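What follows is the residue order along each chain.
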Amino acid sequence: MPLVDTKEMFKKAYEGHYAVGAFNVNNMEIIQGIVEAAIQEKAPLILQVSAGARKYAKHIYLTKLVEAAVEDTGLPICLHLDHGADFEICKDCVDGGFTSVMIDGSKYPFEENIELTKRVVDYAHSKGVVVEAELGKLAGVEDAVKVAAKDATYTDPDQAVEFVERTGCDSLAIAIGTSHGAYKFKGKPELDFARLEKITNMLPGYPLVLHGASTVIPSFVEECNKYGGKLDGAQGVPEDMLLKAGTFGVCKINIDTDLRLAMTASIRKYFTEHPGDFDPRQYLGPAREAIKAMVAHKMRDVLNCSGKA
Ligand SMILES: O=C(CO)COP(=O)(O)O
Ligand SMILES: O=C[C@H](O)COP(=O)(O)O
Ligand SMILES: [Zn+2]
Ligand SMILES: [Zn+2]
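Think of each chain on its own: its residues are numbered from 1, step by step along the sequence as written. To read the labels, note that chains go from A and ligands from 1, taken in the order they are written. Whole-chain, interface and lining totals are the exception, using all residues; otherwise, since this is a predicted model, local features are given only for residues with pLDDT of at least 70 and side-chain atom pairs are given and counted only at 80 or more.

## Side note on the overall build of the chain
Right, so step 1: We count a stretch as a helix when DSSP gives it H or I for four or more residues in a row; a strand needs E for two or more, and each element gets its number in order from the N terminus. Helix and strand counts for the chain stand at 13 helices and eight strands.
Right, so step 2: The reference for a compact globule is 2.2 Å times residues^0.38; the radius of gyration itself is calculated from the C-alpha atoms. Scaling as 2.2 N^0.38, a compact globule of 309 residues should have a C-alpha radius of gyration of about 19 Å, and the chain matches this with 19 Å.
Right, so step 3: In this scheme every C-beta is placed from the backbone, and a residue whose C-beta has 20 or more other C-beta atoms within 10 Å is buried, one with 12 or fewer is exposed, and one in between is partly exposed. In the chain, which comprises 309 residues, the share counted as buried stands at 50%.
Right, so step 4: In this description, a residue-residue contact is defined by the distance between C-beta atoms placed from the backbone, which must lie within 7 Å. Considering only intrachain contacts with a sequence separation of at least 6, the fraction spanning at least 24 residues in the chain is 75%.

What follows is the structure in structure tokens.
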């Protein structure tokens, strides 16, 4: 079984009203923890690599580790570039064996975003690789309060239709109130489901993507803080909102922060309880297990994609 793209995964997810998890990977233990969960849950899987991950681990190491996971497990895995900033990085990943790339032109004006995305789509499609694009800006904690701010930054449904038609992108990341990192909301978490519903209805059958979708699982935050961390006010997207998003057009839900928190909580606890240990396998082993348990929980209870591989 080679690496797969997302076409079949998204079609099934759309029809089945669930979402596929896209997990960010940066090293071997993270990859193994996620993959072991996917095997256990018989779940479809997207592993995604950011520019920062490419820089940290070197592109080829991560690619080979993911290929090794496919060879070892026979699991259908999609290898995806997360937030490609320009044509060159997307081309590099297409040429380097990725089955999916994201071109993130969301910071550019509408027409420029279209032009850049279309260029990536033309190249990627000529090589059989699918493309995710982004329209609208993810909120910062301070944004998203006023309706005027929402209309300026959240994805406009009419523009989404035009964008998809003119670029031919295979999936679209939208902004409805989520944001990256561990501090997503100051007050009560809120997503613009009316907007999501409208976009879903205007693009029937079309896969949407939710970035910044970690829950910032409170037990991890508490554990980090208990063992010397300082993560006050960390808050993410509640699990029931993610489940609900999956019943609309959202087929891909991106998770990175929850992986970071699972790993960090485990390692903080380990060092507090075993101050004399210094073999990395002693603390990276339990961290890998913590990732596996967290990802299995997401697949089962939040994405609703267990048994769908
Ligand atoms: O969107 C993401 C990666 O592209 C990750 O979002 P989180 O920071 O919420 O995990
Ligand atoms: O979108 C952001 C992801 O969490 C990746 O983060 P990173 O760029 O620090 O690797
Ligand atoms: Zn973006
Ligand atoms: Zn993202």
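## Details of the site of ligand 2
Right, so step 1: For each residue, a C-beta atom is placed from the backbone, and the residue counts as near a molecule or strand when that atom lies within 6 Å of it. Close to ligand 2 lie Asn24, Ser50, Gly52, Ala53, Asp82, His83, His180 and Asp256.
Right, so step 2: Residue assignment for the shell around ligand 2 shows that the elements contributing at least two residues are helix H3 (51-57) and strand S3 (77-84).
Right, so step 3: Note on residue categories: nonpolar means Ala, Val, Leu, Ile, Met, Phe, Trp, Tyr, Cys or Pro, charged means Asp, Glu, Lys or Arg, and polar means any other residue, Gly included. In the shell around ligand 2, the residues fall into one nonpolar, five polar and two charged.

## Some remarks on the UniProt feature "binding site: Zn(2+) 1" (unreviewed entry) in the chain
Right, so step 1: According to UniProt, the feature "binding site: Zn(2+) 1" (unreviewed entry) maps to His83, His180 and His211 in the numbering used here. These annotated residues cover 129 residues of sequence, and their C-alpha atoms all fall within 11.8 Å of one another, placing them together at a single site.
Right, so step 2: Mapped onto the elements of the fold, histidine 180 is located in the loop between strand S6 (171-174) and helix H9 (193-202).
Right, so step 3: Position of histidine 211 relative to the elements: it lies in the loop between strand S7 (208-210) and helix H10 (218-226). UniProt positions are given in the numbering used here, feature names are shortened, and annotations may be inferred rather than shown by experiment.

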